[in-house]
Amino acid sequence: MKIAILVLDGPYNHEASDTAYNFTKAAIEKGHEIEGVFFYNDGVINAAKLMEPPSDDRNIAKRWSELGGSGVKLTVCIAAAKRRGINDDVVIDNAKIAGLGQLVEMAVAADRLITFGD
Amino acid sequence: MEEDEDMIQKKMMFVMRKAPHGSIYPYEGLEVVLITAAYDQDISMLFIDDGVYSLKNEQNTEGIGIKGFMKTYFALEDYEVEKLYVDNQSLKDRGLSKKDLIDVNLQYFNRDEIKKLMDEQEILFPF
Amino acid sequence: MLHTVNKSPFSHNNLESCLSFAKEKDAILLYEDGVLGAQAGSKLESIIKEALKKHTICALKEDLNARGISKTVGGIKVIGYPEFVDLVVEHKVVPWL
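Residues numbered from 1 in each chain as written. Chains lettered and ligands numbered in written order. Predicted model: local features only at pLDDT ≥ 70, side-chain atom pairs only at ≥ 80, totals over all residues. Heavy atoms only, no water.

Trainee: So what's going on with the interface of chain C and chain A? Residues and values would help.
Mentor: Listed by partner, the interface residues are 19 residues for chain C and 19 residues for chain A. Looking only at chain C, the three residues that lose the most surface to chain A are Tyr-81, Val-85 and Val-89 of chain C, adding up to 33% of its buried area. Summed over the shared surface of chain C and chain A, the result is three salt bridges. A salt bridge links Glu-15 of chain A to Arg-67 of chain C; the nearest nitrogen and oxygen atoms lie 2.7 Å apart. Listed by contribution, the elements that provide at least two residues to the side of chain C that touches chain A are helix H4 (81-90) and strand E5 (93-96) of chain C. The element contributing the most residues to the side of chain C that touches chain A is H4 of chain C, with eight residues. Along the lines of polarity and charge, the residues of the side of chain C that touches chain A split into 10 nonpolar, two polar and seven charged. (Contact = heavy atoms within 4.5 Å. Buried area = accessible area lost by both parts, 1.4 Å probe. Salt bridge = Lys/Arg side-chain N within 4 Å of Asp/Glu carboxyl O. Helix = DSSP H or I, 4+ residues; strand = E, 2+ residues; numbered from the N terminus. Nonpolar A, V, L, I, M, F, W, Y, C, P; charged D, E, K, R; others polar.)

Structure follows, in structure tokens:
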């Protein structure tokens, strides 16, 4: 089944980003296709590559970037990103900044959409 | 706009249950509604819980320095977003009635009717 | 329909709202702080038990473990991420964030 993931909350403050990541991994392991992960609202901060948490903590941006590298399409909403100081200079590798239309296309193409947020 | 005339149309409901201004969710949610409308999807907006405050009349955000977005609701018709559903109980719980809401075309429903409307959807977005 | 609830029912009305909008037979998943509602012996236990008559209620094991909750209300299904995925495959999702 094709599953789309919408992330509405930033990293660390709440668990939303962790749940979204764990869910995405589990869905892939079960053989499902991830139509894409779309970051909106404060969710765009997940894609800020300058984050540098203590070495014994998970690096949320790096983790998403690696998932993107494995072939999962990561999209960061341009309007939400601009509001929050995220642009092409600071966005993680393997993620693309694009318009909200990508979310609609993802929602239409997927069999399911699940939202994580605060 | 990257519209595709052959694009599949899905039933998408925007469930608005957060109060405006206290968080950006209802505002950025409305932006998704406008874009989705441009893709010719079958859209409805459902106002429940604190979400009904997005429709409250006499909002004045000048003092908090946050841009209000009530005016956008009056423009929704131009985007062909015409299904604006309000939960009667949420209004009543908050001491509000129809006369407290902005003058746009709203449809009022009871919980059982709303359960049915939600069940008909293919995608539900929470804002 | 699968209703997903991620807030503590002791500080938010998400679960209460979810229960009043969910139709009979809909499934409910408690995850993140939502799992606090699954704790046995809380003041909400009777509400959960009542809801179990109409709904399948699941709680995410990883979130329960993280919060040290080992005794859950009888009837709640404790599930892991793979079963969470199965639930999403089986149902359309209504998130209560």
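On we go from here.
Trainee: Which residues make up the interface of chain A and chain B, and what values go with them?
Mentor: One frequently used descriptor of interface size is the decrease in accessible area upon assembly of the parts. On the chain B side, the residues contacting the 20 residues of chain A number 22 residues. For the pair chain A and chain B, the summed buried surface comes to about 1700 Å²; carbon and sulfur atoms form 60% of the total. By the criterion of area lost to chain B, the three top residues of chain A are Arg-83, Val-104 and Val-108 of chain A, representing 30% of everything that side buries. Where chain A meets chain B, there are three salt bridges. A salt bridge links Arg-83 of chain A to Glu-28 of chain B, with the shortest nitrogen-to-oxygen separation between them at 2.7 Å. At the surface where chain A touches chain B, the tally comes to nine residue pairs in polar contact (both at pLDDT 80 or more). (Polar contact = N/O pair within 3.5 Å; in protein donor to acceptor, adjacent residues only side chain to side chain.)

Trainee: I'd like a rundown of the packing of aromatic side chains, residues and numbers included.
Mentor: Scanning the entire structure with this criterion turns up 16 aromatic pairs over all chains. For the ring pair Tyr-31 of chain C and Phe-84 of chain C, a centre distance of 6.0 Å and an interplane angle of 45 degrees mean the geometry is tilted. Of the two residues, Tyr-31 of chain C is situated in the loop between strand E2 (27-30) and helix H2 (45-52) and Phe-84 of chain C in helix H4; the sequence distance between them amounts to 53 residues. Residue Tyr-31 of chain C is classed as buried on the basis of its relative accessible area, which comes to 0%. According to the relative accessible area criterion, Phe-84 of chain C is buried, its value standing at 0%. These aromatic residues form a ring-pair network of at least three members: Phe-23 and Phe-116 of chain A together with Tyr-31, Tyr-81 and Phe-84 of chain C. The ring centre of Tyr-21 of chain A lies 4.2 Å from the NZ or CZ of Arg-63 of chain A, which sits over that ring. Its guanidinium or amino end placed over the ring of Tyr-108 of chain B, Lys-98 of chain B lies 4.6 Å from that ring's centre, counting from NZ or CZ. (Phe/Tyr/Trp six-rings, centres within 6.5 Å; stacked < 30°, edge-to-face > 60°. Buried < 20%, exposed > 50% of the residue type's maximum accessible area, 1.4 Å probe, protein only. Lys NZ or Arg CZ within 6 Å of the ring centre and 35° of its normal.)

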